[in-house]
Amino acid sequence: MPVWQRNFLVWRKLLVPSLLGNFADPLLYLLVLGYGLGRLVGEVEGLGYMAFLATGIVCSSAMMGATFEALYSAYTRLTMQQTWAAMLNTPLSVDDVVIGEIAWAATKALINATAILTVTLVLGLAGGWSAVLVLPVVLLAGLCFAGLAMIVTTVSRSYDFFLYYFTLVITPMMLVSGVFFPLSELPDAVARGAMALPLAHVVALVRPLMTGTWPSLIPLHLLVIAAYAAAAIWLACALARRRLQT
């Protein structure tokens, strides 16, 4: 895919600083909260808190990686650099550009999650062959979160608009989806509402796979994530066509 390849070649030139920037925040959460709170909390759902948190951080880092790429980087290419306009002077369509951007953002999510997963394996916080199955789940999740972020990108008129998305959507979703503490500790109404969000379903799949068990309700979790991804990609393409054709 030409758009994906173009973005990869640019990213490759800034490989080291990009990786450091993307991994620093989730690693900080993992080490500081994991070791700090872990000494106070003890076990959560049969897991040491460090291991429990590590599985959630893999999911949240995938979400944040895809979101940042589909927001800030894609918006820069759309407006400041006019990269999209240059691409549209080739045989590429608007849909080709949008889908290529989303695919690249999903790849960034996979890169982020793979690095965190590797750290958890080195630290002995995850194990079993099932941990490998986390990667396709993360890739699907990356498509989902990249598609949602791309919707915001196509309607935004400035970088400031992204703060609303983080404040009203991303941060609350990360806090209630089981990344830092189990859903069972939330009020019933909040827990049920969390299950309407894609991140909760990603966590429900990734956590068992990383800890050597098998998730329950696999088709349901995959269906919710895939449905969000498909709807978000379709809407992002439609909004991009409307924006670029007016």
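These notes cover the structure that comes with them. Given the structure is predicted, the values throughout are model-derived calculations rather than measurements.

Basis of the calculations
Residues numbered from 1 in each chain as written. Predicted model: local features only at pLDDT ≥ 70, side-chain atom pairs only at ≥ 80, totals over all residues. Heavy atoms only, no water. Helix = DSSP H or I, 4+ residues; strand = E, 2+ residues; numbered from the N terminus. Rg over C-alpha atoms; globule rule 2.2 N^0.38 Å. Contact = heavy atoms within 4.5 Å. Lys, Arg positive; Asp, Glu negative; His and termini not counted. Charge placed at Lys NZ, Arg CZ, Asp CG, Glu CD. Phe/Tyr/Trp six-rings, centres within 6.5 Å; stacked < 30°, edge-to-face > 60°. Buried < 20%, exposed > 50% of the residue type's maximum accessible area, 1.4 Å probe, protein only. Salt bridge = Lys/Arg side-chain N within 4 Å of Asp/Glu carboxyl O. Axes fitted to C-alpha atoms, helices over the stretch in contact; angles between N-to-C directions. Parallel < 35°, antiparallel > 145°, perpendicular 65-115°, else oblique. Left-handed = near helix turned anticlockwise from the far one by under 90°. Nonpolar A, V, L, I, M, F, W, Y, C, P; charged D, E, K, R; others polar. Core = buried A, V, L, I, M, F, W, Y, C linked by side-chain atoms within 4.5 Å. Expected span 1.5 Å × (residues − 1). Polar contact = N/O pair within 3.5 Å; in protein donor to acceptor, adjacent residues only side chain to side chain. Patch = residues over 30% accessible without salt bridge, like charges linked within 9 Å, V, L, I, M, F, W, Y side chains within 5 Å. Areas by Shrake-Rupley, 256 points an atom, 1.4 Å probe, with all protein chains shown as cover.

Description of the overall build of the protein
What the protein contains, in helices and strands, is ten helices and two strands. The helix and strand sequence of the protein, counted from the amino end, reads α-α-β-β-α-α-α-α-α-α-α-α. By the compact-globule yardstick of 18 Å for 246 residues, the protein fits well, its C-alpha radius of gyration being 18 Å. By principal-axis analysis of the C-alpha atoms, the protein measures approximately 55 × 40 × 30 Å. Counting contacts in the protein only where the partners sit at least 6 residues apart, residues at least 24 apart contribute 77% of the total. Separation between the mean location of the 12 positive side-chain charges and that of the 10 negative ones in the protein comes to 10 Å.

Brief notes about the packing of aromatic side chains
Under the definition given, this model contains 16 aromatic pairs. Here Trp-11 and Trp-104 contribute two aromatic rings whose centre-to-centre distance is 5.8 Å and whose plane-to-plane angle is 65°, an arrangement assigned as edge-to-face. Here Trp-11, found in helix α1 (residues 2-13), pairs with Trp-104, found in helix α5 (residues 94-122); they are 93 residues apart in sequence, far enough to count as distant. On the basis of relative accessible area, Trp-11 is assigned to the buried category, the value being 12%. Each ring, one from Tyr-75 and one from Tyr-159, has its centre 5.0 Å from the other, and the planes form 75°; the classification is edge-to-face. Residue Tyr-75 is found in helix α3 (residues 49-80), and its partner Tyr-159 is found in the loop between α6 (134-155) and α7 (161-176); the two are separated by 84 residues along the sequence. Given a relative accessible area of 30%, Tyr-159 falls into the partly exposed group. A connected cluster of aromatic rings, assembled from ring pairs, spans Phe-68, Tyr-72, Tyr-75, Tyr-159, Phe-162, Tyr-165 and Phe-166.

Description of the pattern of salt bridges
Under the criterion given, the structure shown has four salt bridges. One salt bridge connects Glu-101 with Arg-77, and the closest N-O pair in it is separated by 2.7 Å. With Glu-101 in helix α5 and Arg-77 in helix α3, the pair connects residues that are 24 residues apart, well separated along the chain. Take Glu-101 and Arg-77: they sit in the same class, and that class is buried.

Focus on the packing of α6 against α7
Helices that pack against each other are described as a pair by the angle of their axes relative to one another and the distance between those axes. For the pair α6 and α7, interaxial distance at closest approach is 10 Å and the crossing angle is 155°. By the criterion of interaxial angle, the relationship of α6 to α7 is roughly antiparallel. Between α6 and α7 lies a crossing whose hand is right-handed. Taking contact as the criterion, the partners of Phe-145, Leu-148, Ala-149, Val-152, Thr-153 and Val-155 in α6 are, on α7, Phe-161, Phe-162, Tyr-165 and Met-173. Within the contact of α6 with α7, the residues separate by chemical class into nine nonpolar, one polar and no charged.

Observations regarding the nonpolar core
Ranked by size, the top nonpolar core spans 63 residues in total, and within it Val-98, Phe-145, Leu-199 and Val-202 carry the most contacts. Elements with a minimum of two residues in this core: α3, α4 (83-88), α5, α6, α7, α9 (198-210) and α10 (218-244). Broken down by element, this core gets its largest block of residues, 14 residues, from α3.

Some points on α10
In a regular helix each residue adds 1.5 Å, so 27 residues correspond to 39 Å; α10 covers 39 Å between its end C-alpha atoms and thus fits that length. All buried positions along α10 are accounted for by His-221, Val-224, Ile-225, Ala-229, Ala-232, Ala-236, Cys-237, Leu-239, Ala-240 and Arg-243. Looking at the packing, one finds that the buried side of α10 touches α3, α4, α5, α6 and α9.

Here's the deal with the side chain of Thr-76
For Thr-76, the location among the structural elements is in helix α3. Reaching out from Thr-76, the side chain makes a polar contact with the side chain of Tyr-159 at a distance of 2.7 Å. Not counting residues within four places of it along the chain, the set of residues in contact with Thr-76 comprises Gln-81, Gln-82 and Tyr-159.

Concerning unusual backbone geometry
Notably, Gln-82 is not glycine yet its phi reads approximately 60°, a positive angle. Assignment of secondary structure puts Gln-82 in the loop between α3 and α4. One non-glycine residue with positive phi stands out, namely Leu-217, at about 55°. Its location among the elements puts Leu-217 in the loop between α9 and α10. According to the relative accessible area criterion, Leu-217 is exposed, its value standing at 56%.

Side note on a nonpolar patch on the surface
Nonpolar side chains collect at one region of the surface, where Leu-28, Leu-31, Val-32, Tyr-35 and Leu-123 lie side by side and expose about 470 Å² of accessible area between them. Mapping Leu-31 onto the fold places it in helix α2 (residues 15-41).

Limitation: the analysis is restricted to geometry and does not speak to function.
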